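Understanding the architecture of this molecule
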Amino acid sequence: MRDEPGGVLFEIQRWCTDDGPGIRTTLFFQGCPLRCRWCCNPEAWCPPPAGPGPESDPLRGRRMTAAEIVAAVERDRVFYRRSGGGVTFSGGEATGQPNLFRILATRLHNLGYHLALETCGHFPWEPNAQALALMDLVHLDLKHMDGEAHRRLTGQSNDLILANALRLAETGVPLVLRLPLIPGLNDHPDNLAETARFAARLGNPPLQVMPYHALGVGKFRALGLAYPLEGLEPPDPGAVARARQVLADCGAKLG
């Protein structure tokens, strides 16, 4: 069994209803290329260890074989069928472990599961192309349309993210865009308008506005990290409605 390919997850969460259609099991992969200032899963930042090591570590996740992960998913198969659900690859960033992502996507696809991916979009295309082709749905974040602002907020430019978004749209995989709405950081009308224009280039897939929340504060503190947005309040309903109106006026198809 130790020769079985595998990787590192930091959580397997069952009975999820916000990560795609129906009841789902969400696989949270360890490691993320971004450092978003509002991240709600900072425990996923550390990359998975490259070599043999402990089976689990609070900051490095749990090493599991692909067979172990598939077996964990299979336990709730009946609920997926009844609800139209399936499996969602999340994180962290599933594309950061392309070998495990590909193997799991292939095995679960062959077992008939509906497969979804939640991605920041910052990943190398070729190592992930085979798994991406098996997705029934991809949720892609658009955090800021200005490259330098994106770098300040996440630690990376958005060049690769936008390029991958365009390639994903060309594949025809069902795509849903997600805009985390962060007060004072990416909610300016100019950025919202540019987001809507880019969505149009992708064929105008549904665009979901995800209002900022402070659920990551406790995790940052537990990890001994200063929370970068300390004191920032979530947007009020009026601010969210105004942002949605700007997007709609610019032609976005709101999800």
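Because the structure is predicted, anything quoted here is derived from the model rather than measured.

Next up on the list: the nonpolar core. Residues Leu27, Phe29, Phe89, Phe101, Leu104, Leu108 and Met135 are the most contacted members of the largest nonpolar core, which totals 50 residues. Among the elements that line this core, the one with the most residues is helix 3 (residues 98–110), at six residues. If we skip the residues at most four places from it in the chain, Phe89 touches Leu27, Phe29, Ala94, Phe101, Leu104, Ala105, Leu108, Leu115, Ala116, Leu117, Glu118 and Met135. Core analysis: the next-biggest nonpolar cluster, separate from the first, contains 14 residues, Cys32, Leu34, Ile182 and Phe220 among them.

For the structure shown, the criterion picks out seven aromatic pairs. Here Phe123 and Trp125 contribute two aromatic rings whose centre-to-centre distance is 6.2 Å and whose plane-to-plane angle is 25°, an arrangement assigned as stacked. These aromatic residues form a ring-pair network of at least three members: Phe29, Phe89 and Phe101.

The next subject is helix 1 (residues 66–74). Buried within helix 1 are the following residues: Ala66, Ile69, Val70, Ala72 and Val73. When helix 1 is viewed along its axis, its buried side chains cluster within an angular range of 160° and face the same direction. Structurally, helix 1 contributes buried residues whose contacts are with strand 1 (6–16), strand 2 (24–29), strand 4 (61–65), helix 2 (77–83), strand 5 (86–91) and helix 3.

Glancing now at the pairing of strand 7 (residues 137–141). Burial analysis of strand 7 places four of its five residues in the buried class, the great majority of the element. With four bridges connecting them, strand 6 (residues 114–119) and strand 7 associate as parallel partners. Paired with Ala116 across the strands is Leu137, a residue of strand 7. Crossover strand 6 to strand 7 through helix 4 (residues 125–132) is right-handed. Where strand 7 meets strand 8 (residues 175–181), four bridges bridge the pair, whose relative direction is parallel. Within the sheet, the bridge partner assigned to Leu140 lies in strand 8 and is Leu177.

Direction vectors running N to C along helix 4 and helix 6 (residues 159–171) enclose 30°, while the axes themselves pass 13 Å from each other. In the packing of helix 4 onto helix 6, the handedness of the crossing is right-handed. Contacts between helix 4 and helix 6 involve Trp125, Glu126 and Leu132 from the former and Asn164, Arg167, Leu168 and Thr171 from the latter. By residue class, the composition of the contact of helix 4 with helix 6 is three nonpolar, two polar and two charged.

About the thresholds
Residues numbered from 1 in each chain as written. Predicted model: local features only at pLDDT ≥ 70, side-chain atom pairs only at ≥ 80, totals over all residues. Heavy atoms only, no water. Core = buried A, V, L, I, M, F, W, Y, C linked by side-chain atoms within 4.5 Å. Buried < 20%, exposed > 50% of the residue type's maximum accessible area, 1.4 Å probe, protein only. Helix = DSSP H or I, 4+ residues; strand = E, 2+ residues; numbered from the N terminus. Contact = heavy atoms within 4.5 Å. Phe/Tyr/Trp six-rings, centres within 6.5 Å; stacked < 30°, edge-to-face > 60°. Arc of directions from axis to C-beta. Pairing = 2+ DSSP bridges. Right-handed = clockwise from strand over helix to strand, strands pointing away. Axes fitted to C-alpha atoms, helices over the stretch in contact; angles between N-to-C directions. Left-handed = near helix turned anticlockwise from the far one by under 90°. Nonpolar A, V, L, I, M, F, W, Y, C, P; charged D, E, K, R; others polar.

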